[in-house]
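Spelled out, the chains give:
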Amino acid sequence: NDEIAVAARAFNQMADWMQQSEAKLRAQAAQQAAAARLGFAALEGTSLDALLDQAVQVLREILDVEYCTVLELLPGDDELVLRAGCGWRRGAVGSLKVPVSYGSQAGYALLSRQPVIVNDLSQETRFQAPLLAKMGIVSGMSVIIQGEHRPYGVLGVHAATLRSFTADDLHF
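Below is a summary of the structure that appears in this document.

### A short note on the side chain of Thr 69
By the secondary structure assignment, Thr 69 is in strand S1 (residues 67–73). With a relative accessible area of 4%, Thr 69 lands in the buried category. Setting aside its immediate chain neighbours within four residues, Thr 69 contacts Val 56, Leu 82, Ala 84, Gly 85, Trp 88, Val 154, Leu 155, Gly 156 and His 158.

Laid out in structure tokens, this is it:
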């Protein structure tokens, strides 16, 4: 009977939508819990280095990415240094420097003064990112960390697979 088939398809679509909604709610709850943990750590007087290390680990886990970075803007405003990160080679934290230019995703974020989402780095036209490409990074997003009088730096998350980051991911 056609009516039964139509009704069955409608119920299957509703069930799929409900499962997607539940998954999205679970992800949002996990993000809120992670933000609360970081907030408590900050209130407890955790050192900045430890707090940044905890933040990149939490972001890596919650957003399910291979790489996460906090890049600090150096005096002179022409370079960023990797202040905290996960997924990078041993010794990169504190030594890896990135130019504030259109030669990096983080530099582009600072220069454009807006968050940057990249779903496929090989198709990117706004900037070039040879370091990210060399690392096998395919997708990512970067957002400015605002300081009191100037940007502190840039927070970035990156994946080695094609990924469509969402506005919800960006705002987390």
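### Points about the packing of aromatic side chains
All told, the structure shown has three aromatic pairs when counted by the stated rule. A centroid spacing of 5.0 Å and a plane angle of 50 degrees characterise the contact between Tyr 67 and Trp 88, whose relative ring orientation is tilted. Within this pair, whereas Tyr 67 is found in strand S1, its partner Trp 88 is found in the loop between strand S2 (79–86) and strand S3 (97–99), the two being separated by 21 residues in sequence. Assessed through its relative accessible area of 11%, Tyr 67 is described here as buried. Joined through ring pairs, the aromatic side chains of Tyr 102, Tyr 108 and Phe 127 make up one cluster.

### Quick look at the pairing of strand S5 (residues 139–146)
Every other side chain in a regular strand lies on the same face of the sheet, so the side chains alternate between the two faces. Summarising the sheet, strand S4 (residues 116–118) and S5 pair through three bridges and their orientation is antiparallel. When the bridges of S5 are listed, Val 116 appears paired with Ser 142. Summarising the sheet, S5 and strand S6 (residues 151–159) pair through eight bridges and their orientation is antiparallel. Each residue of the ladder has a partner; that of Ile 145, found in S6, is Gly 153. Connecting the antiparallel pair S5 and S6 is a turn made up of four residues.

Cut-offs and rules
- Residues numbered from 1 in each chain as written.
- Predicted model: local features only at pLDDT ≥ 70, side-chain atom pairs only at ≥ 80, totals over all residues.
- Heavy atoms only, no water.
- Helix = DSSP H or I, 4+ residues; strand = E, 2+ residues; numbered from the N terminus.
- Buried < 20%, exposed > 50% of the residue type's maximum accessible area, 1.4 Å probe, protein only.
- Contact = heavy atoms within 4.5 Å.
- Phe/Tyr/Trp six-rings, centres within 6.5 Å; stacked < 30°, edge-to-face > 60°.
- Pairing = 2+ DSSP bridges.

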